[in-house]
Amino acid sequence: MFKDHRAPAPDPILGVMQAFAEDARDGKIDLGVGVYRTADGRTPVMRAVKAAERTLLDTQETKGYVALSGDPAFHAAMRGLVLGGVIPSDRVAALATPGGTGAVRQAFELVRRVRPDATVWTPSPTWPNHLAILDGVGMRRRSYRHYDASSGGLDREGMQADLEGVAAGDLVLLHGCCHNPTGADLALEDWRDIALLLAERGAVPMVDLAYLGFSDGLEQDAVGLRLIAAALPEMLVAISGSKNFGLYRERVGLVLALCDGPKAAAAVRGTLAWLNRQSYAFPPDHGARVVTTILTDPALRTQWEEELTEMRERIDSMRRGLADALREASGSDRFGHLAGHRGMFSLLPATPEQVETLRREHALYMIGDGRINVAGLTPETLAPAARAIAAVLR
Ligand code: LMR
């Protein structure tokens, strides 16, 4: 059976993670995989998470199954966090999944079952796993322009022009905030324009929300998606709790399917539960329960929000620090646009060969397309990283 088998190409992000782990050099710098790091290079368990886990350890009396769709209290807590009450709950179907990746997968699976001929429009560039999952699910896909490499910002005109091609029943994937890999986010007027265009076309948005709270704050980061949710009859949201709760390995994810009324929502709930059943039956519960405990306990929630603010501020200060250090190292403003990006990621104008040179000669790791995770920087590594980048990206 496996004699002539060929494995698919490895994921470009996880390959960097492994190569970094295997590099024995002192002073290596990891700007690869999108995880948060402290100034001393750790990805710690958040204090609010530790406290919630302690509560669970003391009070949880069973590890019996919950429900195929996950715990309704988790759905409600996340619905409130993300949608802030703009949509009545009887219009929303929710599904707990293993991580944000599981949510993306199940959302695409849902659309494939309901509308097998839909085209899924993805921003160019996008998280490579979006494309891999779409190909795995077997859906038609097209890309629309998102990023203008010459300005280092959003390609507004290109995006509008490409999205003119969207047809009724198509799905348009949007990044809720902290665009991965470019860091170039939609402004409120872009969300407005997209809402108008999709309403006119009868197309459905799907928002991938993996970094809520990492751009400007929990409420501010949800404004665009809430605008679009209020303007359109249907929408999908794929949410991750990996980054903003630091629960990476616990696999906390959720699909929210906003439907045109309670009857449609009930049917979608049934299909989503069925998708979980025939994928892995029950979704993981521990991380979701930690999140619910935090979001429903006022003191824990305050503590979590404070920690999230600390993380956001550290990322922001590394981002500004890198832009300054690059200005000094390159003697120019050609990397100045980095300061305006949001979240962990920015895309450097690096060729794959330059990325390889940075890795080989400077022990500086980034993704092959030039994506950097600024959370991997520390006050000590800002200057050497900037010198290496300026020297190689001449
Ligand atoms: C990333 O983009 O680096 C993260 O979302 C981790 C992953 O699974 O790719």
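If you're wondering where the values come from, they're calculated on a predicted model, not measured in any experiment.

## Some thoughts on the environment of alanine 230
- Relative to the elements of secondary structure, alanine 230 occurs in helix H8 (residues 218–231).
- Overall, alanine 230 belongs to the partly exposed group, with 13 C-beta atoms counted inside 10 Å.
- Sequence separation between alanine 230 and leucine 83 is 147 residues, and the spatial gap between their C-alpha atoms is 9.4 Å.

## A word on unusual backbone geometry
- Here serine 124 and proline 125 are connected by a cis peptide whose omega angle stands at 0 degrees.
- Geometrically, the link from asparagine 180 to proline 181 is a cis peptide bond, its omega value of 25 degrees lying close to zero.
- Within the secondary structure, proline 181 sits in the loop between strand S7 (171–175) and helix H7 (188–201).
- Positive phi, close to 60 degrees, is recorded for arginine 251, a residue that is not glycine.

## Some details on the site of the ligand
- Close contacts around the ligand come from Ile13, Val33, Gly34, Trp127, Asn129 and Asn180, and that covers them all.
- For the shell around the ligand, the per-class residue count stands at three nonpolar, three polar and no charged.
- Built from parts of two domains, the shell around the ligand gets at least three residues from each of domain 1 (12–44 + 312–392) and domain 2 (65–296).

## Some thoughts on the pairing of strand S10 (residues 252–258)
- When you tally the buried positions in S10, you get seven out of seven residues, the bulk of the element.
- On S10, burial covers both faces: Val252, Leu254, Leu256 and Leu258 on one face and Gly253, Val255 and Ala257 on the other are all buried.
- In the sheet, strand S2 (residues 92–98) pairs with S10 via seven bridges, with the strands oriented antiparallel. Each bridged residue has a counterpart across the sheet, and for leucine 95 the counterpart in S10 is valine 255.

## Concerning the domain arrangement of the protein chain
- Segmenting the protein chain into domains produces domain 1 (12–44 + 312–392) and domain 2 (65–296).
- Of note, the centres of domain 1 and domain 2, computed from C-alpha atoms alone, are 28 Å apart.
- With 20 residues of domain 1 in contact, the opposing surface of domain 2 contributes 22 residues.
- Among the secondary structure elements, those contributing two or more residues to the side of domain 1 that touches domain 2 are helix H1 (12–22), helix H11 (298–330) and strand S11 (345–347).
- Per-class residue counts for the side of domain 1 that touches domain 2 are 10 nonpolar, six polar and four charged.

Thresholds applied
- By convention here, each chain's residues receive numbers from 1 onward along its written sequence.
- Since the coordinates come from a predicted model, pLDDT governs what is reported: local features require at least 70, and pairs of side-chain atoms require 80 or more to be given and counted, while whole-chain, interface and lining totals use all residues.
- Only DSSP runs of H or I covering at least 4 residues are called helices, and only runs of E covering at least 2 are called strands; the numbering of each starts at the N terminus.
- Buried, partly exposed and exposed are defined by the number of other C-beta atoms within 10 Å of a residue's own C-beta, namely 20 or more, between the two limits, and 12 or fewer respectively, with C-beta atoms placed from the backbone.
- Using a C-beta atom placed from the backbone, a residue is described as near a molecule or strand when that atom lies within 6 Å of it.
- Each residue receives one of three labels: charged for Asp, Glu, Lys and Arg, nonpolar for Ala, Val, Leu, Ile, Met, Phe, Trp, Tyr, Cys and Pro, and polar for the others, Gly being one of them.
- Domain extents, as shown, originate in an automatic or database domain assignment.
- Any two strands with at least two DSSP bridges between them are considered paired.
- For the purpose of contact definition, each residue receives a C-beta atom placed from its backbone, and two residues are in contact when these atoms lie within 7 Å.

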